[in-house]
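# Inside the fold
Next come the chains, spelled out residue by residue.
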Amino acid sequence: LTEFIPVSSTAHLRIVTALTGQHDTGGAAFTAVIQLGTLAAVLIYFAKDLIALLTAMIRDPGSHEGRLPWMIILGTLPIVILGFALKKHIETDLRSLYVIAASLIVIGIVMAVVDQHAAGREGRTIATLTFQDAIIIGLAQSMALIPGVSRSGSTICMALLLGFARSDAARFSFLLSIPAVAGAGILELRSALHELSGPLPAKIVEAGATPPPPPPSIAAMAVGTAVAFVVGYASIAWFMKWLGSHQLVGFAIYRVLLGIGLFAAVLAGLVIP
């Protein structure tokens, strides 16, 4: 539900895990694998666009449609480079609820300001996208390596700052998500399958302490991926239609309120950061 709307899916997965008293089992690896479901959703929803782009890339490489796949690849490079460089921190330190709460609030405020700045103008179409635009939006996408930022939120906001209309900003954001989500899921799939289906590591549990629960089974991971596909497709369809006549301020308010609530829950000891 939250993969394609600008509220941060990783933050919500992490918060739900904490609220239900579970360990952060599977962590970023499990998240990356079930995102293959939302990858399938975006591939099917934009199938006509993707076929047209690939056809133009071969038959008319000099046209804007023929160059757009290269723009998507170029825009993906920042998140790939930073993802490998910061992988250890992404899967550990940055999953802290303090980091997530702060990201929700800060990006929520930025989103409200950018959304207000873009209000009332017609905006550029995706046909005017340049290689420079793709690099800048790609750099914004790399900010989503920090849980709580939101990949769609960061890319849509940057596209709005560059003068694009909301619907076109969202369309390029979703197209740009394809290699990033696919790469993360495929990269983590092998290790996640071993991690999620293997036995718990032997460890000494302190007297009276509750041992961590076993990791989710492969079947559970498959169910999560299937649900992500169905709900993800519905989320894309709704969001694309909704953006045609609405602003992002509602999402910005939700983010700020959620971030404040999360800080309060951590300080009250209701969840472990």
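Everything that follows concerns the structure shown earlier in this document.
Okay, so let's go over this structure. Note that the structure is predicted; figures quoted are calculated from it, not measured. (Residues numbered from 1 in each chain as written. Predicted model: local features only at pLDDT ≥ 70, side-chain atom pairs only at ≥ 80, totals over all residues. Heavy atoms only, no water.)

## A few points about the overall build of the chain
- Helices and strands together make up the secondary structure of the chain, namely 11 helices and zero strands.
- Starting at the N terminus, the α and β elements of the chain follow one another as α-α-α-α-α-α-α-α-α-α-α.
- Of all 273 residues assigned to the chain, the portion counted as buried reaches 47%.
- Contacts in the chain between residues far apart in sequence, at least 24 positions, make up 80% of those at least 6 positions apart.
- Accessible surface, the chain as shown: approximately 13500 Å² in total, 71% of it carbon and sulfur. (Helix = DSSP H or I, 4+ residues; strand = E, 2+ residues; numbered from the N terminus. Buried < 20%, exposed > 50% of the residue type's maximum accessible area, 1.4 Å probe, protein only. Contact = heavy atoms within 4.5 Å. Areas by Shrake-Rupley, 256 points an atom, 1.4 Å probe, with all protein chains shown as cover.)

## Digging into the pattern of salt bridges
- According to the stated counting rule, one finds three salt bridges in the structure shown.
- Residue Arg-166 pairs with Asp-115 through a salt bridge whose shortest N-O separation is 2.7 Å. Here the residue Arg-166 occupies a position in helix 9 (residues 166–197), and Asp-115 occupies one in helix 6 (residues 97–118), the gap between them amounting to 51 residues. Across the pair, Asp-115 and Arg-166 agree in class, each one buried. (Salt bridge = Lys/Arg side-chain N within 4 Å of Asp/Glu carboxyl O.)

## So, the packing of helix 7 (residues 131–142) against helix 8 (residues 151–161)
- Here helix 7 crosses helix 8 at 150 degrees, and the two axes come no closer than 8 Å. Regarding the angle of helix 7 to helix 8, the classification is roughly antiparallel. Both helix 7 and helix 8 take part in a crossing whose hand is right-handed. Along its contact with helix 7, which presents Ile-136, Ile-137, Ala-140 and Gln-141, the element helix 8 presents Arg-151, Ser-154, Thr-155, Met-158 and Ala-159. (Axes fitted to C-alpha atoms, helices over the stretch in contact; angles between N-to-C directions. Parallel < 35°, antiparallel > 145°, perpendicular 65-115°, else oblique. Left-handed = near helix turned anticlockwise from the far one by under 90°.)

## Quick look at the environment of Leu-43
- With respect to the helices and strands, the residue Leu-43 is situated in helix 2 (residues 27–45).
- The spatial distance from the C-alpha of Leu-43 to the C-alpha of Phe-174 is 9.4 Å, given a sequence separation of 131 residues.
- Beyond its immediate stretch of four places on either side in the chain, Leu-43 contacts Leu-50 and Ile-178.

## Description of unusual backbone geometry
- A positive phi angle, near 75 degrees, is found at Ser-8, a position not held by glycine.
- The exposure class assigned to Ser-8 is buried, which follows from its relative accessible area of 3%.
- Unlike most non-glycine residues, Ser-150 shows phi in positive territory, near 90 degrees.
- Its location among the elements puts Ser-150 in the loop between helix 7 and helix 8.

## Side note on the side chain of His-64
- The topology assignment puts His-64 in helix 4 (residues 64–85).
- A polar contact is formed between the side chain of His-64 and the backbone oxygen of Ala-127, at a distance of 3.1 Å.
- A distance of 3.0 Å separates a polar side-chain atom of His-64 from the backbone oxygen of Leu-129. (Polar contact = N/O pair within 3.5 Å; in protein donor to acceptor, adjacent residues only side chain to side chain.)

## Let's talk about the packing of aromatic side chains
- Enumeration according to the criterion identifies 11 aromatic pairs in this entry.
- When the ring of Tyr-45 is compared with that of Tyr-233, the centres are 5.6 Å apart and the planes differ by 65 degrees; the resulting orientation is edge-to-face. Of this pair, Tyr-45 sits in helix 2 while Tyr-233 sits in helix 10 (residues 218–243), placing them 188 residues apart in sequence.
- Judged by its relative accessible area of 27%, Tyr-45 falls in the partly exposed class.
- Taking 5.9 Å as the distance between ring centres and 50 degrees as the angle between the ring planes, the aromatic pair formed by Phe-46 and Phe-174 counts as tilted. Linking Phe-46 in the loop between helix 2 and helix 3 (47–59) with Phe-174 in helix 9, this pair joins segments that are 128 residues apart in sequence. We note that Phe-46, like Phe-174, is buried.
- Site record: aromatic cluster; members linked through ring pairs are Phe-4, Tyr-45, Phe-46, Phe-174, Tyr-233, Trp-238, Phe-239, Trp-242 and Phe-251. (Phe/Tyr/Trp six-rings, centres within 6.5 Å; stacked < 30°, edge-to-face > 60°.)

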